[in-house]
Structures are given as C-alpha cells and as structure tokens.
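Read off the chains here:
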Amino acid sequence: MTPPTTARRSGTGTILLTILVALGMAVGIVAIFFWVPTANCLVPGAAPGQPCFDARPDYIQHIFYMHVPIAYVAYLAFGVVLVGSVAYLKTSKRRWDRLAHASAEIGVLFTGLCLVTGMLWGRPRWGTFWTWDETLTLTFVLFLIYVGYLLFRGMASDAERGARVAAVIGIVGFADVPLVHFSMVWWRTLHPAEVVINPAGPQLPTSELVTMLWMVAVYTGLYILMMLLRTRLGRAHDALADAEAAAEDRPAPPGPVGRSGAVQAGVQP
Amino acid sequence: MKHQFAYLGVAYTAIWAGIGGYLLFLGRRQRATDRRLEELRERDQAHRE
Amino acid sequence: MNNLRKMFVLAAKDLRSEARAKEIAPPMVLFGLILVFLFTLSFPPGAGRAPVPGPVVGAVGSRELAGAFLWVSLLFAGILGLSRNASTEREENRIEGLLLAPVDPAALFAGKALANFCYLWALEVIVLPVFALFFGVSPGPLVPGILLVALAANVGLAAAGTLFGAASQYVRARELVMPLLLFPVIIPLVLGAERLTSSLLTGGGLVSQERWFILMGAFDLAIVAIGAVAFEFIVNE
C-alpha cells in the first residue's frame, strides 16, 4: 500500500489564522502598554480599599495580561484532552487519541509558561518566586500530572493499551483543573484572588477587562493554530507507523538499499 | 523600578521563546516525518517497477 | 449474584490469599513504621514551639508538621502495598481468568479497591497508635476525627491506587510508573488529610477546615466513579 502524502503546505485557513493571531497579539500588546493605565501601587494592600504596601509604579502588571490568558488556555487544553480521551475510549478511533495527545503537549507547555510568568510576576511583587499556597501547589501538581501523561505515552510498550491507559490518566487528571481555579476563590492565598471568572462576576475595571478578554481571544486563536499543526504532525506519525509496519511485511527491494537510521528517530510520537 | 522592566522583559521573552521554540520543534519533526514518508513512497514505487 | 455481592466476594478472595501469602501487608506496615520512626528522629516533637491547645499563633512547631509526617509515611507505605497488590494480580494472570468469568468490570474494580481499602486500614491501625506514642499525643479525644480523615483518604487512595496500579502493569519500569502517575493525582487528597490532621493535633478541630473535607469527599466520589467506568478499558485486551 502506498503511504499517503501528508500535505506539505499549510492550508489558507492556517495562514489566515497565523496572521490574525499575530495581529491580535500586536494590538493586545499596544493596549497593554499604552491603553491600560499603569497603577501606582506595586504591592497592593491585603484587601481592596486597604492602603498600598508599596506605592511605586507597577510595570510588572503587564505580565498579568499574558499570565491569565495562558492559564485559561491551559485549562482549555486539558479540557480538550478530557474530551478526546473520553471519545477515544468510547469509539476507539485514533483521531481522538491524537487530539488528546496534541492538546496535552500544548497544555503542558502553557502550564509551564503560566508557572514561569507567575514566578516572574510574584518576585518583584511579593519578594518571593514561590510559595506553597493552594493555588501554586495545585498548579504545579497539574503540571506534574500531564507531564506524567506524556512520559507514560513514551514508555508504553503496547501502543493500543498505552493509549487507553493514557486516556484514563487524561480524564482523571482533569479533576485538578477546577481545583486550581477555585483555589483562587475559596482560600486566602498569596496568589491574587481570581478577578475574571469569579462567581461574583468580573472584578476588573473596563479597560483592563477588555484588554484581558482580547488577550484571551488571541491566545485561544494561538491554541487553535498550535493544535492544527500538532494534530497534523500526529497524523503524519500515525501514517508513518502504518507505512513502516506495512513495509516490513514486504520483501526487501533489490539493489543497494539500506534501512536508514531515521527509522527510530522518526517514530517517536 | 528598572528591575521591574527586567522581570517584564524576561517574562515576555520566556513566552515567545517557549511558544516559538515549540513551533520550531514541531516544524522540524514534521519535516523529518514527511521526509521519511517520502522515502517510503519512493521505495514503494521502486518496488513496484 | 448481584454486583455488590460480587464485590465482597472478590475482595474476600484477595484478602484470603494475602492472609496465606503475607506478601503485601507486612512489608507495607513495616515500611510505614520505619518512616514514622525516621520522621520522629529527625524532627522530635518538642522542637519548635511547645504544643499549646487552641490555635497556634507564630512559629511552626512540629505539631503542625506532624500531619505532614504522618501522611507522607502512610502514603509511601500505602503505595508500596497497592503496587504489590497490582503486580501479584498480573503475575498470577488472575485478571484474565476473572475477565472470562461473567463479572462486570466495575465489580472487579470495586472488589480490588475494597481489598486495597482494607490493606490501608490495616496499615493505619498499626501506624496511627505508634505515631501517637512517638509524638506524645494522647489519642483519646482525637480518635473519631482521625478515623474520619483516614476514611476520607483511604477511599480515594484505594480507588486511585487500584486504577493506576492496573494501569502501570502494562508498561516498562512499572514500579516507577505507578508512583509517577499516582502521586500528582492524589495530592489534593493528601494535602487535605495533612491539613485536617494538623488542625486536629493543634486543637483546631475538623469543623474549621470543612472545605478540605468537602474537597476530599468530592474527590473520592469522582475517583470511584471514574475508576469503576475506566477500569475495563485498562484491563481488557
């Protein structure tokens, strides 16, 4: 069977999306740095209305407009892992497994970025890179869970069963996502309380809220773009694995053909 | 105050580096896989002839 | 035989074979005792502030840490037992035999989890009094509270341990994989148990930390439900 060609060029949709995301990001950065007023309080008081601990201009607030959308996209990514995992267990169709795997990779990346940006925001503000409060701990746990998911997939000896077990991990792991989010609402932590998706409604003034929502939209677009690329890679990997399995059943062709070393390197999903 | 900009700069750089690096990494693996698929197709064609 | 009865029969089968072989519970309990002992040596109960009834204000004394020491010890020892239980199942190929019989996989899961639940209680029944002894805590008034916390923790640990124990049997490096997968997932449970225990030990009681109880309860429900449904996907060919 001739192995199928995977498309070499990105479709127009992908290119359009790339342009939109890039433009959106540019507009967002302009809004963050020039539209949203810079606060004059680096370390706010313990509660709204309390005096400022450190009344200096607050430039690191600009990290906030990246940190929050990145966190939301991580939630979204792991939600997609949940959907893909459940669908894969029900239908055994590999496309759902590919979806879950792709989204888990991107989710891990975004969770890592969320942790890093959070640390860089926290250090000038609170004097420490890290603390073991509920939010940071549970977010780190989320990171560990899905890193475990990815490692497990690499180690599974039986591909079919490995995918099924990974789906279960993907489903169970998602339980941490609402915990992470509501830890910002339920407990008094060093991490600031959740101000956008809050049961009491968004707690931000207009220009900040609009900018934040814009950045959430931009990052969601970026997520979709990354998913398109990553699932394309997944399809190519599966096609390659199938093609190599089929090739092994055929007798070797005549002539000085050697199996290139790229066989092992190419198959790592 | 200036060191705030340092943190800001590192944060934004980390974001672009992370996302950009991942996209480049994806691109490289995609090309490697596509290349390998091409090789198999050509071997398949040669085999048929 | 309805499913509930099957669950008890399966658990009884597990426990009976363990009573004969004695390869799961004794090493587990011994390891738990060793860990508690190590922690007590390293952080003697008098270190830090002296324990005072009522909420402790100020520096952390080892009473606050005691909750953490206890649950870390129980967790590591418990994982040892859960992991052993999962691998004996595979080694003796019992799962295939059970699958051929007309047993609902959910009942299979529940039976195994119930056996694991019993192992965890066996661990705690021995380690908790020893812990109370080492930490100079008079156990009497704390017993109902600790039992409740242990109950909440054991349900979730047993269910998650059964699920991930089975999951790790089909991978290379299975002894490593099970803790790798299990630990992060059960952190909410362990955190809750630690906070509640510390609260009990420092006189804060359970009611002040009811959020953790609710969280643990919700987690337990979720993991049991997911385990019952997902188990068949893991063990089926």
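Residues numbered from 1 in each chain as written. Chains lettered and ligands numbered in written order. Predicted model: local features only at pLDDT ≥ 70, side-chain atom pairs only at ≥ 80, totals over all residues.

*Asks:* What is the right way to read the overall build of chain A from this model?
*Replies:* Looking only at helices and strands, chain A has eight helices and zero strands in total. Across chain A, helices and strands are ordered from the amino to the carboxyl terminus as α-α-α-α-α-α-α-α. Taking the contacts inside chain A whose residues are at least 6 apart along the sequence as the reference set, 71% of them involve residues at least 24 apart. (Helix = DSSP H or I, 4+ residues; strand = E, 2+ residues; numbered from the N terminus. Contact = placed C-beta atoms within 7 Å.)

*Asks:* What exactly am I supposed to notice about the overall build of chain B here?
*Replies:* Assigned secondary structure in chain B consists of one helix and zero strands. For chain B, the C-alpha atoms occupy an extent of roughly 70 × 10 × 5 Å along the three principal directions. Within chain B, the proportion of its 49 residues that are buried is 18%. (Buried ≥ 20, exposed ≤ 12 C-beta atoms within 10 Å, placed from the backbone.)

*Asks:* Whenever I open this one, the interface of chain A and chain C confuses me. Can you help?
*Replies:* The accessible area lost on association of the parts is a frequent measure of interface size. Contacts between chain A and chain C engage 22 residues on the former and 21 residues on the latter. Secondary-structure elements contributing two or more residues to the side of chain A that touches chain C are α4 (134-155), α5 (159-173) and α6 (176-186) of chain A. For the side of chain A that touches chain C, the residue count by class is 16 nonpolar, three polar and three charged. (Nonpolar A, V, L, I, M, F, W, Y, C, P; charged D, E, K, R; others polar.)

*Asks:* Help me understand the packing of helix α6 (residues 143-167) of chain C against helix α8 (residues 210-235) of chain C in this model?
*Replies:* When two helices pack together, you describe them by how their axes are tilted relative to each other and by the distance separating the axes. Residue and element names in this part refer to chain C. Contact geometry of α6 with α8 gives a least axis separation of 8 Å together with a crossing angle of 25 degrees. In terms of orientation, α6 lies roughly parallel with respect to α8. With respect to the hand of their crossing, α6 and α8 are arranged in left-handed fashion. Along the contact surface, α6 presents Ala152, Ala153, Val155, Gly156, Ala159, Ala160, Thr162, Leu163, Ala166 and Ala167, while α8 presents Phe213, Met216, Gly217, Phe219, Asp220, Ile223, Val224, Gly227, Ala230, Phe231, Ile234 and Val235. A class-by-class count of the residues in the contact of α6 with α8 yields 17 nonpolar, four polar and one charged. (Axes fitted to C-alpha atoms, helices over the stretch in contact; angles between N-to-C directions. Parallel < 35°, antiparallel > 145°, perpendicular 65-115°, else oblique. Left-handed = near helix turned anticlockwise from the far one by under 90°.)

*Asks:* Could you clarify how one ought to interpret the confidence of the model for chain B in this entry?
*Replies:* Low pLDDT marks stretches whose predicted atomic positions should not be read closely. Per-chain confidence: chain B averages 89 in pLDDT, with 98% of residues scoring 70 or above. Interface predicted TM-score (ipTM) for the complex: 0.89; the corresponding pTM is 0.80. (pLDDT = per-residue confidence, 0-100.)

*Asks:* In this structure, what is going on with the environment of Pro184 of chain C? I would like to understand it.
*Replies:* Here Pro184 of chain C lies in helix α7 (residues 174-201). Sequence separation of Pro184 of chain C and Gly156 of chain C is 28 residues, and the distance between their C-alpha atoms is 13 Å. Not counting residues up to four positions away in its chain, the partners in contact with Pro184 of chain C are Val141, Leu144, Ile145 and Gly148 of chain A.

*Asks:* Got a minute to help me understand α6 of chain A in this structure?
*Replies:* Because each turn of an α-helix spans 3.6 residues, side chains separated by three or four positions end up pointing in the same direction. Among all positions in α6 of chain A, only Asp176, Val177, Leu179, Val180, Ser183 and Met184 of chain A are buried. If you follow the buried residues of α6 of chain A, they end up packed against α2 (61-91), α4 and α5 of chain A together with α7 of chain C.

*Asks:* Just checking my understanding: could you explain the packing of α2 of chain A against α5 of chain A for this structure?
*Replies:* Residues and elements named next belong to chain A. Where α2 contacts α5, the axes come no closer than 8 Å and their chain directions differ by 140 degrees. With respect to their mutual orientation, α2 and α5 come out oblique. The two elements α2 and α5 meet at a crossing, and its hand is left-handed. For the pair formed by α2 and α5, the contact residues are Val81, Leu82, Ser85, Val86, Tyr88 and Leu89 on the first element and Ala163, Arg164, Ala167, Gly170 and Ile171 on the second.

*Asks:* For this particular structure, what's the right way to read the nonpolar core?
*Replies:* Nonpolar side chains in soluble globular proteins tend to be buried together. Among the nonpolar cores identified, the biggest contains 150 residues, and Ala77 and Val168 of chain A are the most heavily contacted of them. For this core, the leading source of residues is α2 of chain A, giving 19 residues. In contact with Val168 of chain A, other than residues within four places in its own chain, are Leu163, Ala167, Ala230, Phe233 and Ile234 of chain C. (Core = buried A, V, L, I, M, F, W, Y, C linked by C-beta atoms within 7 Å.)

*Asks:* Can you help me understand unusual backbone geometry in this one?
*Replies:* Glycine aside, residues mostly have negative phi, and peptide bonds are mostly found in the trans state. Positive phi, close to 60 degrees, is recorded for Ser92 of chain A, a residue that is not glycine. Relative to the helices and strands, Ser92 of chain A resides in the loop between α2 and α3 (94-126). Classification of Ser92 of chain A by C-beta neighbours within 10 Å gives partly exposed; the count is 13. Its identity as a non-glycine residue notwithstanding, Lys22 of chain C has a phi of 55 degrees, on the positive side.

*Asks:* Would you mind going over the confidence of the model for chain A with me for this structure?
*Replies:* Residue and element names in this part refer to chain A. When pLDDT is averaged along chain A, the result is 84; 88% of the residues meet or exceed 70. Per-element confidence in chain A ranges from a low mean pLDDT of 40 for helix α8 (residues 262-267) to a high of 94 for α2. Confidence drops under a pLDDT of 50 for residues 255-269, and excluding neighbours within four residues, the segment shows 13 contacts in the predicted structure.

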